[in-house]
Every structure is written in C-alpha cells, then in structure tokens.
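So the chains spell out like this:
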Amino acid sequence: MAGNEWINGYLEAILDTGATAIEENKPTPVNVTDRGNFNPTKYFVEEVVTGVDETDLHRTWIKVVATRNTRERSSRLENMCWRIWHLTRKKKQLELDDFQRLANWRWEREQGRKDVTEDMSEDLSEGEKGDGVGEVGVDSPRKKFQRNFSNIEVWSDNKKEKKLYIVLISLHGLVRGENMELGRDSDTGGQTKYVVELARALAKMPGVYRVDLFTRQVSSPEVDWSYGEPTEMLTMGSEDMDGADLGESSGAYIVRIPFGPRDKYLPKELLWPHVQEFVDGALGHILNMSKALGEQIGGGQPVWPYVIHGHYADAGDAAALLSGALNVPMVLTGHSLGRNKLEQLLKQGRQSKEDINSTYRIMRRIEAEELSLDTAELVITSTKQEIEEQWGLYDGFDVKLEKVLRARARRGVNCHGRFMPRMAVIPPGMDFSNVEVQEDNIEAEGELSGLTNSESPKALPAIWSEVMRFLTNPHKPMILALSRPDPKKNITTLVKAFGECRLLQELANLTLIMGNRDDIDEMSAGSANVLTTVLKLVDTYDLYGQVAFPKHHKQSDVPDIYRLAAKTKGVFVNPAFIEPFGLTLIEAAAHGLPMVATKNGGPVDIHQALNNGLLVDPHDQQAIADALLKLVSEKNLWVECRRNGWRNIHLFSWPEHCRTYLTRVASCRMRHPQWQTDSSADDLAAEESLNDSLKDVQDMSLRLSIDGERTSINESLEVAAVGENPNVQDRVKLVMSKMKRQEKGARDSKVDGIRPTDNILSKYPMLRRRRKLIVVAVDSYDINGAPEKKMIHTIQNLFKAIKLDAQNAKLTGFAVSTAMPISELTEFLLSGNIKVNDFDALICSSGSEVYYPEDSGKPCLDPDYASHIDYRWGSDGLKKTIWKLMNTSVGYAESVAVIEEDAKSSNSHCLSYLIKDPSKAKKVDDMRQKLRIRGLRCHLMYCRNSTRMLAIPLLASRSQALRYLFVRWRLNVGSMYVILGETGDTDYEELITGTHKTIILKGVVEKGSEDLLRTAGSYLRDDVVPKDSQLVAKVNGDATAEEIANTLKQLFSWLNKENAPLPENF
C-alpha cells in the first residue's frame, strides 16, 4: 500500500540501525486472529500493551516484511510503529529517572565537598585555605603525586629476608591451576586466569613465603571433581630463597572453602547471602596457617597475613570482613564495577533500575564495592580512566577530596577522621615465556611462499593456512584485528576505513579474527548483525582477496596469528569505542607488532608506556585509515615502534607487576593483632583443648583453682567434677606454677577508667577453655528503648536448657551481645538476679566494647579489642557531621530536632544518640551515603526499638565481635549458637549469616529497628540472608528449657551427620 510506504521506510531506518543492540530472544507465540482473520486491535493490546518485550523487535520486523498479505502487512507495520513509540516513551522515562538520580547525587557530592572544606579550613592558615576540595588545581596534584612517590622504596631482591604471608580472594567461577576452563561461563574468564597467575608470580618474589588463593569449593556433578579438592599447589616458594629456609608450607596454593549449597555450582549473583559463611571458613584456615607458619618461620609467634587482597565485589566484601576480624590491611581490585554496569544498562533504556537489580543483584554488588572502598588501604586499577570515570562514580571515592586529604596528611594537618583509599595503576602482568623474539630483518617471503606453493611444503601453523586462503597476495603487510564480534568493538568502522582507502588496500591486507562461529543465524542478534554487516561491506567495497575472516581458531592459535602478522610487517589495530584495558595490545607488542588503538580508555596508558604506535578517535573513520597507512607505508616508523614495544614490554611482565605491587603494598599502614601469644600458657590452653583423657576433669579443676570461690550456675557441676582425686590436684598445682611465672609484668593499668585485665584469669579467661558458646542477642525493648523483662526470662531459660546436659554444660559458655552500654547491662542483669560472672563475655554498645567478668563480678574491658577496631575511626568529624545531617532538612535551611546526644551511652568507640522523632530519622542507607561522600567511615545503626542511633568503628559490629573471640581466644565461630528474636536492631541480618548456628525465638521481640535500615531501591534482605539455611532453627519464645535443649541438639546432630566443614578448634 502506497500510503504506508513512509512506515516501511521509517521502520527500516530505525530497525537496521538499532538491531545491533537487540539480543536474541524467542518471542512467545500470540494468537492474533479472530475467526481466521487478522485482528490489529487484539494484536496491539496483547503485543504492545500487555507484553512489551522489545528483544524480539528486529526478528518480528523480518517476518513482517516477508508477509505477502498486503492488508495484514500494513496493519503489522502500523502496530510496530506503536511498539517503537511505546519503547521510545519507556526509554525516555528511564532516561529522565536516571538523569534525576545523577543530578541528585552530584548535588549531594557538591554539598559534601562544601561541608568538608568548611570543616577542614578551620585548621589552615590563610595561605593554606586554597586547598579546599573545590579549589584543587589541575596540574598541582600531579606534581604533588609524583613528589610523594619519589620517597617510596622499590621492592628489590634485598627483601628476601622477609617471609610474608599473602592472601588473595576470588570467590566466583571455577578456579584451578591447570587446564582452566576459560569461557565456560561468564564467571570463569580473564579474572580467573589473572588471579592464578598473580598467585604464582607473587610466590616467586623475594621476601614472599606463602600465597593462598581462596575460592569456593564446588563438589557438584555438573563440574569437574578437581574443583572439590580442598587445596591445590600452584608453585613452590621463591627460587631465590635459600633452600634451608623453605618450609613445608611455602609456595602458592589454591584453598577452596565450602560455602553455600555443597552440591551446587552457583553463579556469582546467587553467592551474596553466603559470603559470611566463606569469611568464617577462611578465618579458620588463616588462623591454622598463621600458627603453622609461626612454628616454621615466626619464632613461635603467629605469622599474620601481610595483606588480604579481594578481587571483584564479592571477594572485596569478604576481604573487608576478614581484614576487620584480623586487623590486617586490605587491598582491592575491582576488575569490573557495578556502578559502571548499572549506568550502561540504564542508558540502553530497556530495563528499569528495579529490573536490573532483580537480574544482576546490582545494588548488593555496589554496596559491597562501597564497603570495600571504606576498608581498603589500596585499590589497584589497570588504567587511570578506571580511577576517574569508574571509581569516581562511587560515594566512597572522590578524586578531589583524596588529593586534598593526602596533601593535608603530608603536612601533618588534622583531617578530622576523613579517609580516602589510595588508588594505584598497576597494569596486569603477562607471561612472555612463549613469545618468539624475532630479528628486524624478517625473511617473510620464504616461509609465506610455502603456503601458496605446493611444491615446497613447510611445517607451518595450521591457522596460517586458514588465514592465507582468503588472501590473493598474502605477502602484503597484515592489518590484524582480534576481538569478539561486538558492536562496541567497532569492527565495521575499521572495514569501512579500509574499504574507502584505495592506497591502503594496495599496500596491505585486513585480517579479522572475530571469535568462533558455525552458523551466523545461531549467534546472538548483536554478534550476528556485526558479522552480517562485515560481509556486506566486503561485498560493497569488493574486498574479496584482501580481507580474511576465518570461522574458527583455538586459544593456542593466537600467538601464531600475531607471529604471522609480524612476519608480514603488519599492524595490530583496536578501534573499540572504549577499551577498559587492552590486553591484546600488549600481546601484539610482545610479538613485534606496532599498534593503532582507540584513544578512549586503557590504550592511552599502554601507549604512554610502550610508545609503539598511534592513538585515534574511534568515531573518525578517516583518522583510522590515515594512522594505518602511516605505519604500513613508513618503514622507519614501523621499525621504531616495533623496537620501542620490545624495549618497554617488560613493564607488563609478571615480575614487574609484582615488584610494583609489593612496593605499593609496603607503603600502606601496616597493622596486625597487637597481643603477643604467651608460649607457656598458650601451650597449656592448647593441651587443655586437645588432651581427651584429661579434658573433662582437668578443665573443671583449673577453673576452680584459678577462679577461687566462684558462685555461678555451673558451680555444683564443677565441684562434682573435681571430687577428691589427688592426682588431679597435683596436676593443677603444676599448671598453676607455670601460669604464675607468666604473670609477671601484667599489672595495674587503666583503659577509659575501667581496670583492664591484670591477672591470669583475664589474660586467659574462661572463654579460652570453652567448646561451645551460647550468645544471647535478643533485641527486646519497649517503646522508650528500655530492655524488657522477657530478656531476663530468655536468659534464665537458656541457663536451664544447658544445665540439662551436665557433660555439655561443663564445656559451654555464655555471652550476651547487646546495644546497651556496660553500665546499663549490668544493672539490668542484676534486676533479674543474674550475675555478670555467669557470662564468659559481654559484647556491649553494638560491638564497640568487649568485657570479661572478674571473680568479684566486675566487668573487665578487653584493651586489645579497642585497638583492634580503631581502624579509620574519626569520632570528632563524625560527631559534628552526624549532628548536622540528622538535624537539618534538605537544603540545610530548616532546623529539625531529630536526635540529641546520649552521653551516658557513648564511649571512646561509640557515639550514641537519642531519636526524638523516628518518623524524621534518615535511614541507614541514606546516612551512610552522605557520610561516605564526606570521607567519613563508620558502622551506623539504629537500635533499641528505633529509639537510639549508634555510630561505631567501620569494622566493629556484634557479628565481628564473635570473630574477634575466635581470633583472640580460638573459640570456633562454628561452635557458637546465636539466640535472636524475629527482628531486632539494624545489624540483625549480620547475626543470622555465617557458620555459627542461629536459634530464632518467635514472639519475643515485637518490634525492631529494621524499618530504618534500607531506602527504596536498595538491595534486599534475600541478598544478605539465605532463604533456607540448615544452620537456622526457630522455636517459640515461650518454649520450655527442654524444647530449647532439643533444638540445640538437633542443630548439632545435623552438622555431625552432614560433616559440615567448619574451622577446627585450637
């Protein structure tokens, strides 16, 4: 129909240009006929309004143009116009939402910079006030940056006396040392290869004793059995290390930790609820290994990890928690970033933010990356572009603020508790051992003629023959492009540039290695369209005999392809619109190929290092042709670029990468647990823990002898266990004499006005000799935030339940974990006739303090814990900023009294506030974002039925306090039983996950504070807490002691039956 030809042309124009972005997806058949006749109205309602799935739009268009019935074809064309209109409208709305979101974020960042400048300017003289965040110059930071690094000592062979233990983490995908299944799925790719090669290379560096690469253990029939092996050796220790110093534990190893479903291989998006399980398992391995290394190379003292390095967001999340539990530095490599992916997906306009989050768990990933930025001492990137354009999208990193804070730190000026992670560009290393270095006088003619002259066959790589069969004159220089047939790789522009430059066609051939294919029609729509367009362009420009595009190649063929191009004095080209790094450019340079590459992204840094080619605008077709022609025609320039590449290629070798890596890590602020292990008394504790013949009697005897007259609910059990056995009493006297010798030196010191542990009980408290720990963490408070008497009843019931099993009671301890300060907690316990020394540990103020009871019933503060959680704690800056953010409305104009300081509940590592109006309180997500933008790091939470807000150190929490008890006293997290209500404070979710067992008491807590945790559009609870966990049991809050005891037994018996791998006790 002539009247609808405009529709035809309109659709052709839109669909031909837009089809590259539409992925293949089979549409659901829809019956659009009515009594055998086509019904346009029904078609529109069912296809456009009800199910607007635009992924099949291009395929539908192909079918429409093939329709013979003129009327039906015209109707379908009209309805397709409506579909396109609907898609455009939807895309515009998504673009508007995205624009508004970014505008709000930029406004918040600018407001944050103003606040930072205002706060920090108070410490500066008039001449220094130009260093405000908004006034940072363009050139000056670079000079300061270079001057600062000139003082860093480069890692060298004289470091071989060091014996470092390094931990790498890469959780997702399938990781093994040999025969890596790269490309098996989207989770097993370049990152997998990178971390394995990094582990091997680091272990060979002088000064590195052991490298552990942690990943997930997968024992599933759908994957190879090797992924279920607990450990795998990658390499022995450094070749430079004296053989006498090599211990049985030196070298690089893959350590596989089981977490999540034991028999399933999960994609990375489904691993999030199980990350804390991994953390507990990895912590057990590290403690075992630290002890073993201490015996080998540490003089009896544990050898703590030098650094914990997380790769990707999930491993960064785990590394942050491990770093906090062990108090050791953390390093992060993002590989690919969630915010960058979210921005790209939103710009496509096909999915809303909610749809993207549902598919990719993108908000959970972004929060993990933000936590990693909070914690990391150092963030390693491949390019400067990654720092400025990708990490710059995050709340926790501001390039301008980082430079200001660094400058102030150098001058010794107060930063008011503000921190930014350091970014370091360290390009990935490469193994060049298999690269053939060729001479400049290449005898290309002889070898190449063997492929075209059957009378003189030569044994040359098969892939050469496969490429050469396309070419009329294979002796001409080869322009080589190697990439997936992805629209972003811009291959079609390259073909157009070649096809429209007659001189370039005369001088060179073009070879396109575009992945592997059998049938173009079976490929995804994007890839199929690229390949189809390339074939059409070859035909349009009549490039037959001048362009090669083989269908298949193996990974092992790639070096031979580079070598073939080099023998023809060819050029490697990467015309991608944007290239995050550009590993193929380095590979090509190693084989002697000059490059022409995009000026967007990583190639800029590579070109700066190698100086072996030309950079071009990927959108400028003529510029691409000119650059290629210049390198192909000017032989002197070609030779110079080739030599430069070879001269500088060592900058991208693994030894160079590791040397730079260790140099940058060494410049971080090193930290590790502050306590020293007392060998004699520690051996005693280990003997008690492992000696089966004496543990039942000896443990109780020691407790009585050390504790003296101790009145507790376990007293009768202890007395009965000792009896009148004189041999036991003799052994106790011997042990006491050993322990008293270790007591010298620990005398009266004060921490925050509370007498710290100054006797052997507090140095090696009861907790050391427990096999199980019941942790009461029930958050039951009334509307005023006062603890309810139901908590007393719960504690007493738990005491009775444990007492029912006399054998277990001797080995079971109790702890209480609460948001209350120690003074209020002790008062509350005494109101229910519960003594403080009925507990082995008291975790107070939401994990900001840990206490142990004395004989007298007074709680003793653990001084080591305070230093353990002090990392990035800036109470002064936090106090001022939290007050301002909470008590002002949007725009900072109207004052709103939402909080007031709660001085009696605060301490040196906890800022406590009373919530006067919970309805106006900002949610944790919102406050955390605002604080991060201002460079402030803390763990913020609402507690006590939304009547209090606490700010504690970044890596302090009630769940992390349990891991501290594991690290400090070797009480296995897997042997802990956490008692919770059905809801609680905003840190409630953190207490459910992990390898500890959880018992949820139904009906005990009526209302918690979780409504103040997340804003709309944030990650979901299911991204944190596993839906069905065998480690979680529920029981009625009014259950009897017998019912509670049975529940505990069921959890324990299930674990024994399943042989759940938990870290062993020390």
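In what follows, the structure referred to is the one given above.
Description of the structure in this document. Just so it is clear, the model here is predicted, and its values are computed rather than measured.

Definitions and cut-offs
Residues numbered from 1 in each chain as written. Predicted model: local features only at pLDDT ≥ 70, side-chain atom pairs only at ≥ 80, totals over all residues. Heavy atoms only, no water. Phe/Tyr/Trp six-rings, centres within 6.5 Å; stacked < 30°, edge-to-face > 60°. Helix = DSSP H or I, 4+ residues; strand = E, 2+ residues; numbered from the N terminus. Buried < 20%, exposed > 50% of the residue type's maximum accessible area, 1.4 Å probe, protein only. Lys NZ or Arg CZ within 6 Å of the ring centre and 35° of its normal. Core = buried A, V, L, I, M, F, W, Y, C linked by side-chain atoms within 4.5 Å. Contact = heavy atoms within 4.5 Å. Salt bridge = Lys/Arg side-chain N within 4 Å of Asp/Glu carboxyl O.

1. Side note on the packing of aromatic side chains
Evaluated as defined, the whole model comprises 10 aromatic pairs. Measuring from centroid to centroid gives 4.6 Å for Phe-799 and Phe-814, while their planes differ by 90°, and the two rings are edge-to-face. In this pair, Phe-799 sits in helix H30 (residues 790-803) while Phe-814 sits in strand E18 (residues 812-817), placing the two residues 15 residues apart along the sequence. Summarising the aromatic geometry, the rings of Tyr-852 and Trp-969 are spaced 5.8 Å apart at their centres and angled 85° between planes, so their arrangement reads as edge-to-face. Remark: Trp-969 occurs in helix H36 (residues 958-969) and Tyr-852 occurs in strand E20 (residues 849-853); sequence separation between them is 117 residues. Classification of Tyr-852 as buried rests on a relative accessible area of 2%. With a relative accessible area of 2%, Trp-969 lands in the buried category. By the ring-pair criterion, three or more aromatic residues cluster together here, those being Phe-214, Phe-259 and Phe-278. Here the basic side chain of Arg-339 rests over the ring of Tyr-394, its NZ or CZ set 5.3 Å away from the ring centre. Geometry around Tyr-1019 places Arg-364 over its ring, the cationic atom sitting 5.8 Å from the centre.

2. Here's the deal with the nonpolar core
Counting residues in hydrophobic clusters, the biggest one holds 144 residues, and the most contacted among them are Ile-169, Phe-278, Leu-842 and Leu-965. No other element matches the 10 residues that helix H8 (residues 312-326) contributes to this core. Ignoring sequence-local partners within four residues, the contact set of Leu-842 consists of Val-816, Ile-822, Leu-825, Leu-829, Val-836, Glu-849, Val-850, Tyr-851 and Pro-853. If you look at the next biggest cluster of nonpolar residues, it comprises 72 residues, including Phe-470, Ala-548, Val-571 and Val-596.

3. Digging into the pattern of salt bridges
Applying the stated rule across the entire model yields 55 salt bridges. Of the charged contacts, one joins Asp-374 and Arg-932 as a salt bridge, the two residues approaching to 2.9 Å between their closest N and O atoms. Residue Asp-374 is found in helix H11 (residues 362-375), and its partner Arg-932 is found in helix H35 (residues 924-933); the two are separated by 558 residues along the sequence. The exposure class assigned to Asp-374 is buried, which follows from its relative accessible area of 3%.

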